[in-house]
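Results of the structural survey
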2 protein chains.
Amino acid sequence: MASREGLRPGGRSARVQASVHGAVQALMTRMERGEITIPVIATEAGVTPSTIYRRWGDIQELLADVAVERLKPDMEPVDTGEGGKDLLAWAEQYAEEMSSTPGREMIRDVLAAQDGSGAYQCCNFTKQQIELIAGRAKDRGEAFPDVDDVMDRVVSPIMYRILFGEAPDAAHVTRLVSGAMQLISPASVGEPT
Amino acid sequence: MASREGLRPGGRSARVQASVHGAVQALMTRMERGEITIPVIATEAGVTPSTIYRRWGDIQELLADVAVERLKPDMEPVDTGEGGKDLLAWAEQYAEEMSSTPGREMIRDVLAAQDGSGAYQCCNFTKQQIELIAGRAKDRGEAFPDVDDVMDRVVSPIMYRILFGEAPDAAHVTRLVSGAMQLISPASVGEPT
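Remember, it's a predicted structure, so these values are computed and weren't measured experimentally.

1. Quick look at the packing of helix α5 (residues 83-99) of chain B against helix α7 (residues 117-139) of chain B
All names here are of chain B. Where α5 meets α7, the axes come as close as 9 Å, and the angle between the chain directions of the two elements is 160°. Of the possible angle classes, the one that applies to α5 and α7 is roughly antiparallel. The hand of the α5/α7 crossing is right-handed. On α7, the residues touching Gly 83, Asp 86, Leu 87, Trp 90 and Tyr 94 of α5 are Thr 126, Gln 129, Ile 130, Ile 133, Arg 136 and Ala 137. Grouping the amino acids of the contact of α5 with α7 by side-chain chemistry returns six nonpolar, three polar and two charged.

In structure tokens, the structure reads:
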């Protein structure tokens, strides 16, 4: 999505984007989702509807764009001093946030867009958080499973259950994390650096 | 969703539903998704728009309802004579169908509805297929992992990757299935019946 790439911070394009995103978020706090249309957003943001149509194409793409921005992690995963515990703390928070009402709405907005790049970016945000935990574990000389395996064994079941059934409870998240941590083979233990 | 429960087959209500579902599917083959509105569907189905609004509420609920019907499995999983092979054959087909363009559109329609009951039903269809494979394995006296574990270890990663990244390749699906099959503990092997 061109709207998110290569924006010069503070440039006109970035200012329009910030103002439209802000308008969407403000409207969401006081209107039903179904009432938020591009003309309504344009009025709130002080831009013309055609500015929005030109940049985002349709309301789904705009809502997905706003949701991706909101899903961007705003903090590093908690550092407990141990990879397995970091992963558990992160997974508990992820399950909690994503299964909340705003969390579910953001995922729905991201997945509703025809353009799949928003979903891809969300997956990358998640992956980067796990890579951070894995990197810290490695720096401490601990073994840690492959990030792709953590995506399959921890992230995927949490997200599947939130989307298609009921959010996993704390005991379930704990089981998923211990299952993933058992993947560590003794050979993968690094030397402390 | 009341529209899918307790319909007397052949009754007036069931006939209206079949005609509206048929209209949506016919329109989808010749129109862009964005052009399909409730008035257009009503004309195609030969019912009034208010009939559709009354029963489904909005277009998203109707599209989700149609998608759930189409996602209902129309065959039993292939019987290879061995649980692990049945699961692999099923998982390969599932990954292929769900990552196809119509598969992705159906999932998107199901998840876009505010009412989560469609997503829940899809999850149940999948679960029933795995239960069938598990039941056959048990009848042959084979061990088979817990159905919930298969959902976490095989179904969830396939669906997560389709929704948020790239569909898993055949080698990945094979790895997921063998991982799940390794969960079998010797104690869970039943006696042939």
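From this point on, the discussion continues.
2. Description of a negative patch on the surface
Residue and element names in this part refer to chain A. Among the surface-exposed residues, Asp 74, Glu 92, Glu 96 and Glu 97 lie close enough to one another that they form a single negatively charged patch. Among the structural elements, Glu 97 can be located in helix α5 (residues 83-99). Glu 97 sits in the partly exposed class, given a relative accessible area of 43%.

3. Describing the environment of B:Glu69
You can see B:Glu69 is positioned in helix α4 (residues 59-71). Taking the C-alpha atoms as reference points, B:Glu69 and B:Gln121, 52 residues apart in sequence, are found 9.7 Å from one another.

4. With respect to the interface of chain A and chain B
Contacts between chain A and chain B engage 27 residues on the former and 27 residues on the latter. For the chain A face of the interface with chain B, the top three residues by lost area are A:Arg108, A:Tyr160 and A:Phe164, together amounting to 31%. Remark: the boundary between chain A and chain B carries four residue pairs in polar contact (both at pLDDT 80 or more). Elements represented by at least two residues in the side of chain A that touches chain B include exactly α6 (101-112), α7 (117-139), α8 (147-164) and α9 (170-181) of chain A. Per element, the largest residue contribution to the side of chain A that touches chain B is twelve residues, and it comes from α8(A).

Rules used in this analysis
- Residues numbered from 1 in each chain as written.
- Chains lettered and ligands numbered in written order.
- Predicted model: local features only at pLDDT ≥ 70, side-chain atom pairs only at ≥ 80, totals over all residues.
- Heavy atoms only, no water.
- Axes fitted to C-alpha atoms, helices over the stretch in contact; angles between N-to-C directions.
- Helix = DSSP H or I, 4+ residues; strand = E, 2+ residues; numbered from the N terminus.
- Parallel < 35°, antiparallel > 145°, perpendicular 65-115°, else oblique.
- Left-handed = near helix turned anticlockwise from the far one by under 90°.
- Contact = heavy atoms within 4.5 Å.
- Nonpolar A, V, L, I, M, F, W, Y, C, P; charged D, E, K, R; others polar.
- Patch = residues over 30% accessible without salt bridge, like charges linked within 9 Å, V, L, I, M, F, W, Y side chains within 5 Å.
- Areas by Shrake-Rupley, 256 points an atom, 1.4 Å probe, with all protein chains shown as cover.
- Salt bridge = Lys/Arg side-chain N within 4 Å of Asp/Glu carboxyl O.
- Lys, Arg positive; Asp, Glu negative; His and termini not counted.
- Charge placed at Lys NZ, Arg CZ, Asp CG, Glu CD.
- Buried < 20%, exposed > 50% of the residue type's maximum accessible area, 1.4 Å probe, protein only.
- Buried area = accessible area lost by both parts, 1.4 Å probe.
- Polar contact = N/O pair within 3.5 Å; in protein donor to acceptor, adjacent residues only side chain to side chain.

Scope: geometric values only; no functional claims are made or implied.
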